[in-house]
Amino acid sequence: MYLFFIPGKGRWVKGCFTKHNLYVMSCTIVLCFSLSYFWNMSNGTWQNTPVKMYNTMRMTYKNPELLKPPRNDVLMVTPWLAPIIWDGTYNLEILNEQFRQRNVTTGLAVFAIKKYVVFLKKFLETAEMYFMVGHKVNYYIFTDRPQDVPEVALREGRKVVVLQIQNYSRWQEICLRRMEVMNHFSQQLFINEVSYLVSADIDMRFNDEVGVEILSDLFGTIHPGFYAAERRSFTYERRPASQAYVPHDEGDFYYAGAFFGGTVKEIYKLTKKCHEGIMMDKKNGIEAVWQEESHLNKYFIYHKPTKVLSPEYVWDDNLGRPNILRKRRFLAVPKNHAAIRNK
Ligand code: UD2
């Protein structure tokens, strides 16, 4: 005899299940639960509920709205709360004081391989006018033609370090290998000499202030061609076979390979990961659509920059001069690709 509850009567009454009856009932209940569990698993229901929610979140994309020009000098932030740096969103006087007290030296790494040495003079001259004015700077120039590095008058506390490296026959390989070289020199040299490292294309010129407002653990610059674009038109690598692959429902901004940086430790990690991806692609016979820029963009999706620089920091006048730009700080120098690449 066993006690059991009759809901309608609202009280415990004596029942007459045998041990055998109870055993069969328990087994049936356990079996039902197990079957429903495995059915859910095989349909992915138990997994899919949260993943679907996540996917929905990833589909929600509002960044073009964020990238309207700042009004009334308000601070603008990304969804993960990194400041987006536009003119008027920071107080340079206070920042200058803070960085001077910390006695910060910034490294600016550029590659001038083969004919690209022709861009060095303008780059260095304009950097002396606008880049980290009042702060210590080491220019690291990677080149295969050290004899062609021009003499440029430098302000106090600033120096040029020429580092000879090999060249590659394909321009794509030159772009890709920048990650490997910067990774190597981050451990060997930069870590002992500078607090922050900035990587820049050489076929560019400074046209306005680029100061300590950009410095942060990890920063990237919104590519001028995509600041107002929807995520679906970003030129991420879309082939799953590449390590730089980004699915259509992921990604925050499309960043330019031409200007990014951070602490030496963060740049070491970034360049290591990108270089590993590049090497894996090579092994698998694939090259990302925009070379190292594709790998950089993949990296920034999973390692969010702590500051995002507006397109003021990489601009190309071929795109016009929209009102949103109060400053065009770092400009592409027009070049004839056919005449300069692979020469
Ligand atoms: C875009 C990107 C660049 C890089 C490249 C990869 C912008 C503004 N630039 O530039 O960052 O992602 O695509 O395809 O988004 N270089 C040499 N010698 C060479 C070739 C290249 O030194 O023979 C170096 C040099 O520092 C140059 C950089 O590699 O600035 C990028 O090459 P690019 O400027 O020819 O590539 P581009 O303009 O398509």
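Residues numbered from 1 in each chain as written. Predicted model: local features only at pLDDT ≥ 70, side-chain atom pairs only at ≥ 80, totals over all residues. Heavy atoms only, no water.

A. Region of interest: the overall build of the protein. Along the backbone of the protein there are nine helices and 13 strands. Looking at the protein as a whole, 48% of its 343 residues qualify as buried. Looking at the protein alone, contacts between residues at least 24 apart form 73% of all its contacts between residues at least 6 apart. Of the roughly 18200 Å² of accessible surface on the protein, 56% is carried by carbon and sulfur atoms. (Helix = DSSP H or I, 4+ residues; strand = E, 2+ residues; numbered from the N terminus. Buried < 20%, exposed > 50% of the residue type's maximum accessible area, 1.4 Å probe, protein only. Contact = heavy atoms within 4.5 Å. Areas by Shrake-Rupley, 256 points an atom, 1.4 Å probe, with all protein chains shown as cover.)

B. Geometry of the environment of Tyr227. Within the secondary structure, Tyr227 sits in the loop between β10 (218-222) and β11 (255-263). By relative accessible area, Tyr227 is classed as buried at 17%. In this structure the C-alpha to C-alpha distance between Tyr227 and Phe253, which are 26 residues apart in sequence, comes to 7.6 Å.

C. Here's a closer look at the site of the ligand. Close to the ligand lie 21 residues; Phe111, Tyr116, Gln291, Glu292 and Arg341 are nearest. Taking Ile202, its main chain carries an N or O atom lying 3.1 Å from an oxygen atom of the ligand. Interatomic distance of 3.3 Å between a side-chain N/O atom of His223 and an oxygen atom of the ligand. Surface burial for the ligand is 93%, taken as the share of its 720 Å² of free accessible area covered by protein chains. (Near = heavy atom within 4 Å. Polar contact = N/O pair within 3.5 Å; in protein donor to acceptor, adjacent residues only side chain to side chain.)

D. Looking closely at the sheet that holds strand β12 (residues 307-309). The strand order across the open sheet built from nine strands is β3-β4-β12-β10-β11-β8-β5-β6-β7, with neighbouring strands paired in mixed fashion. Strand pairing shows two members of the sheet lacking a second neighbour, β3 (76-77) and β7 (158-164), which therefore form its edges. Where β10 meets β12, three bridges bridge the pair, whose relative direction is parallel. By the bridge assignment for β12, Gly220 is matched with Val308. Along the sheet, helix α6 (residues 171-193) makes contact with β5 (105-112), β6 (136-143), β7, β8 (196-200) and β11, crossing β6 at roughly 145°. Sheet strands touched by helix α7 (residues 264-283): β8, β10 and β11. Its angle to β11, the strand with the most contacts, is close to 135°. (Pairing = 2+ DSSP bridges. Axes fitted to C-alpha atoms, helices over the stretch in contact; angles between N-to-C directions.)

E. Spotlight on the packing of aromatic side chains. Counted by the stated rule, this structure contains 23 aromatic pairs. Centre to centre, the rings of Phe226 and Tyr254 are 4.8 Å apart; their planes meet at 55°, and the pair counts as tilted. Of this pair, Phe226 sits in the loop between β10 and β11 while Tyr254 sits in the loop between β10 and β11; the two residues are 28 residues apart in sequence, bridging distant segments of the chain. Of the two residues examined, Phe226 and Tyr254, each falls in the buried class. Put simply, the rings of Phe123, Phe131, Phe206, Phe219, Phe259 and Phe330 pair up and form one aromatic cluster. Between the NZ or CZ atom of Lys304 and the centre of the ring of Trp80, over which it lies, the distance is 5.0 Å. (Phe/Tyr/Trp six-rings, centres within 6.5 Å; stacked < 30°, edge-to-face > 60°. Lys NZ or Arg CZ within 6 Å of the ring centre and 35° of its normal.)

F. Spatial organisation of the pairing of β5. For β5, a buried count of eight out of eight residues is recorded, marking the element as mostly surrounded by other parts of the structure. Of the two faces of β5, the one carrying Thr105, Gly107, Ala109 and Phe111 and the one carrying Thr106, Leu108, Val110 and Ala112 are both buried. As defined by bridge partners, β5 adjoins β6 across eight bridges and the pair is classed as parallel. Bridging from a neighbouring strand, Thr106 pairs with Val137 of β6. With respect to chirality, the unit in which β5 leads through helix α5 (residues 120-130) into the neighbouring parallel β6 is right-handed. Pairing geometry for β5 and β8, over five bridges, is parallel. Bridging across to β8, Gly107 finds its partner in Leu197. (Right-handed = clockwise from strand over helix to strand, strands pointing away.)

G. Summary view of the side chain of Ser310. Here Ser310 shows up in the loop between β12 and β13 (330-332). On the accessibility criterion, Ser310 (0% relative accessible area) is buried. For Ser310, the side chain forms a polar contact with the main-chain oxygen of Ile85, separated by 2.8 Å. Setting aside chain neighbours within four positions, we find Ser310 in contact with Ile85, Trp86 and Thr221.

H. Fine view of α7. The end-to-end C-alpha distance of α7, which contains 20 residues, comes to 28 Å, matching closely the 28 Å that a straight helix rising 1.5 Å per residue would cover. On the buried face of α7, the contacting elements are α6, β8, β10, β11 and α8 (291-302). Just downstream of α7 lies Gly285, where phi reads positive at about 70°. (Expected span 1.5 Å × (residues − 1).)

I. Quick look at the nonpolar core. The biggest cluster of nonpolar side chains holds 42 residues, and the ones touching the most others in it are Phe123, Phe131, Ile214, Leu215 and Phe259. Put simply, the parts of the chain that give this core at least two residues each are α4 (92-101), β5, α5, β6, β8, β9 (204-206) and β11. Ranked by residues supplied to this core, first place goes to α5 with four residues. Those residues within four positions of Phe259 in sequence are excluded, and the remaining contacts are Phe131, Val198, Ser199, Ala200, Val210, Ile214, Gly220, Thr221, Leu309, Tyr313, Val314 and Phe330. Within the second largest apolar cluster, 40 residues are counted, among which are Phe142, Met179, Leu197 and Tyr227. (Core = buried A, V, L, I, M, F, W, Y, C linked by side-chain atoms within 4.5 Å.)

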